[in-house]
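Listed here are the chains, written in short residue letters.
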Amino acid sequence: MPGPEDWWRGAVVYQIYPRSFMDGNGDGIGDLQGIIEKLDYLNDGTPESLGVDAIWISPIYPSPMFDFGHDISDYESIDPVFGDLELFERLLEEAHARGIRIIMDLVINHTSHRHPWFEESRASRQSDKRDWYIWRDPKNGKEPNNWLAFFGGNAWEYDEATGQFYYHAFLPEQPDLNWRNPEVEKAVFDMVRFWLDLGVDGFRLDVVNLYFKSEQLTDNPTRYLHVGRAFDRQLHLHDRNQPEMHPLLKRFRQLVDSYPGRTSVGEVTLQRGEDGAVPARFQGDDDELHLTFNFAFFFSSWSTERFRSVIQHWEEMLQGDSWPTYTLSNHDYERHISRFATRSEHETIARAKVAAVMLLTLRGTPFLYYGEEIGMREQRVPRKRIVDPVGIRYWPLHPGRDGCRIPMAWTAGDHGGFSTADPWLPEYARRQQENVETARADSDSLFTLYRKLIWLRKATPALVDGEMELIEDSPPGVLAYRRRLGPVSILVALNFERHTVRMPLDPRDRGRVIFRIVSGTETQEVLELGPHQALLVQAGGGSEG
Ligand code: GLC
């Protein structure tokens, strides 16, 4: 099993969207006090709890909240809506006492326009911090080039007072830092040290592939796709993935590794058609980021061929000891249970179970998104309640991201037990069906499956450390792979279909079933996989049955 220094290879990580996890002070917005109250739910050291090893908390720094914390105005403090530094230190202590590590969000591609660095930079062309951001003169009275902002419109904002444009990859309220200026790197690295000294266990780096833009600010070519937004019709050759990222990430890795047992995971935004090859580059030869997210599953339909090829390519692309991650949902995309849903309620849950078994048995670090363990769905938010800038700008083309950020349903009762007040987003409409209280009591629930599997993983080194071999010739509709460590080999067989599938069993895979969903009639020569059945069969290790 991974040692204390590289615990992150063996961990199950749980993402908390802090505004929506638990409200501890009754103002309708989740906070640090709420997280502390729910730590035992996450892991109390016994298999009665979910058993996660680390939490990644989406941004909790002071912010004017134009992008709900992804626009930071002070990197070394906590926004009062969530608590304060003292409370954060208590959270660290309480989490560590339970063996739960804490991963902070690091949004350093851009700051808030209210960050003192930007206020100083904007003040005059002569400001000492002018060059901390990307300022350019107008070109023929217009924007310096054709780059577009992810949230819509041009990526350049004109500043009347100083007669120049500044660049923002997201909102105008999120000006991009100029990473070509060594003072920026120094200031950010000092801030990173501040959190490492405080004892945080790692960082999630927001849009890490965007920090550098081409020095010449070359125009992006346009791809003539007939679908999507103008942003998606550009090929983003010059506003991301620049080679200068790699030396920077090597320096960042050295800094983080100078504190034993800390980690990092990078969010690498993908363009249409891209996959694991892109994030893999940002892990280098295991000497850049410790981990990166590969979002290819977010764009995968419910197809074993598609899933298999994402996994295979991801494994092929990672260099040296670089380690994969897997994730099905986060705070930016429609929840996967809804993406994979069919008209049948039963089948929708069955698919979520198959997906969970896959997520927790692939070789790599799984990242869970709060609520997925109870099967929370994407929720349609009425237009007048939309607060996400994406939804506000793109409605009805894109309803925005509020639907995956609905407050956690702890109970079937008022406000889902999340708060005593009206929550900041509408409460979870299906809380009668999906809530923690009910799910915990049900031995057949999705929650029970997550919980059991997470604890089985902890007790089964082959599922964590074992090499992985995809079985190429499994029958259509079945995704199967072996995890092997020493004499132990575990076959994972997942039936994505609604009918029974028979899969010939290689003699070396014959053993005892250590985990299953949906009973089936598996035999020795042929595995008979019932509709949406998932099985783990262990051979070797001295305990075949
Ligand atoms: C990342 C975040 C997203 C945010 C954006 C700008 O993609 O995950 O929530 O809006 O960066 O910071």
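Up top you'll find the structure we're talking about.
These notes cover the structure that comes with them. (Residues numbered from 1 in each chain as written. Predicted model: local features only at pLDDT ≥ 70, side-chain atom pairs only at ≥ 80, totals over all residues. Heavy atoms only, no water.)

1. Examining the layout of surface pockets
- As a volume, the largest pocket reaches approximately 1300 Å³.
- What lines the largest pocket is a set of 48 residues, among which Phe150, Phe299, Asp332, Tyr333 and His398 lie closest to the centre.
- If you list the elements that add at least two residues to the lining of the largest pocket, you get helix 6 (230-233) and helix 12 (389-394).
- Of the residues assigned to the lining of the largest pocket, the class counts are 17 nonpolar, 14 polar and 17 charged.
- Reported here for the second largest pocket is a volume of approximately 570 Å³.
- Together, 30 residues line the second largest pocket, and Ile349, Lys353, Asp444, Ser445 and Leu446 are the ones closest to its centre.
- Elements with a minimum of two residues in the lining of the second largest pocket: helix 11 (345-361), helix 13 (436-441), helix 14 (446-459) and strand 16 (512-517). (1 Å grid on protein atoms, 1.4 Å probe; cavity = no way out; pocket = protein on both sides within 12 Å on 5 of 7 lines; lining within 4 Å. Points joined across faces, edges and corners; volume = space filled by probe spheres on them. Helix = DSSP H or I, 4+ residues; strand = E, 2+ residues; numbered from the N terminus. Nonpolar A, V, L, I, M, F, W, Y, C, P; charged D, E, K, R; others polar.)

2. With respect to the packing of aromatic side chains
- Under the criterion given, the structure shown has 41 aromatic pairs.
- Considering the side-chain rings of Tyr14 and Phe21, the 5.9 Å spacing of their centres and the 70 degrees angle between planes classify their relative orientation as edge-to-face.
- According to the relative accessible area criterion, Tyr14 is buried, its value standing at 0%.
- The class for Phe21 is buried, based on a relative accessible area of 0%.
- Taking the ring centre of Trp132 as reference, the NZ or CZ of Lys129 above it sits at 4.7 Å. (Phe/Tyr/Trp six-rings, centres within 6.5 Å; stacked < 30°, edge-to-face > 60°. Buried < 20%, exposed > 50% of the residue type's maximum accessible area, 1.4 Å probe, protein only. Lys NZ or Arg CZ within 6 Å of the ring centre and 35° of its normal.)

3. Overview of the site of the ligand
- Close to the ligand lie 14 residues, the nearest being Asp67, Asp206, Glu267, His331 and Asp332.
- One of the side-chain nitrogen or oxygen atoms of His110 is found 3.0 Å away from an oxygen atom of the ligand.
- Here an oxygen atom of the ligand sits 3.0 Å away from a polar atom, N or O, in the side chain of Arg401.
- Summarising the interface, the protein chains cover 96% of the accessible area of the ligand, which totals 310 Å² for the free molecule.
- In this structure the site holding the ligand corresponds to the largest pocket. (Near = heavy atom within 4 Å. Polar contact = N/O pair within 3.5 Å; in protein donor to acceptor, adjacent residues only side chain to side chain. Areas by Shrake-Rupley, 256 points an atom, 1.4 Å probe, with all protein chains shown as cover. Sits in = over half its atoms within 2 Å of the grid points.)

4. Digging into the pairing of strand 14 (residues 488-495)
- Summarising burial for strand 14: 8 of the 8 residues are buried, a large majority.
- Burial of strand 14 is two-sided: the residues Val488, Ile490, Val492 and Leu494 facing one way and the residues Ser489, Leu491, Ala493 and Asn495 facing the other way are all buried.
- Summarising the sheet, strand 13 (residues 478-485) and strand 14 pair through 8 bridges and their orientation is antiparallel. If you follow Tyr481 over to strand 14, its bridge partner there is Val492.
- Hairpin connection between strand 13 and strand 14: a loop of 2 residues separates the two successive antiparallel strands, and Gly486 in this loop has a positive phi of roughly 55 degrees.
- By the bridge criterion, 6 bridges tie strand 14 to strand 18 (residues 534-539) in an arrangement that is antiparallel. When the sheet's bridge partners are listed, Val492 is paired in strand 18 with Leu536. (Pairing = 2+ DSSP bridges.)

5. Considering the sheet that holds strand 16
- Pairing is antiparallel in the open sheet, where 5 strands are placed in the order 12-13-14-18-16. Taken across any chain shown, the strands that pair with only one partner, and hence form the sheet edges, are strand 12 (467-470) and strand 16. Each strand of the sheet is rotated relative to its neighbour by a mean of 20 degrees, with strand direction disregarded.
- Judged from the 4 bridges that link them, strand 12 and strand 13 form a sheet pairing that is antiparallel. (Axes fitted to C-alpha atoms, helices over the stretch in contact; angles between N-to-C directions.)

6. A short note on the environment of Ser127
- With respect to the helices and strands, the residue Ser127 is situated in the loop between helix 4 (116-123) and strand 4 (135-136).
- Its relative accessible area of 14% is what places Ser127 among the buried residues.
- Considered as a pair, Ser127 and Pro324 are 197 residues apart in the sequence and their alpha carbons are 43 Å apart.
- When neighbours within four sequence positions are excluded, Ser127 is seen to be in contact with Glu120 and Ser121.
- Here the side chain of Ser127 touches Lys129 through a polar contact of 2.9 Å, landing on its backbone nitrogen. (Contact = heavy atoms within 4.5 Å.)

7. Focus on empty space enclosed by the protein
- The final tally for this structure, using the stated rule, is 3 cavities of 30 Å³ or more.
- There is about 90 Å³ of room inside the largest cavity.
- Leu148, Phe150, Tyr167, Ala169, Phe170, Val207, Leu210, Phe231, Asp239, Arg240 and Thr269 are the residues that line the largest cavity.
- When grouped by side-chain class, the residues that make up the lining of the largest cavity number 8 nonpolar, 1 polar and 2 charged.

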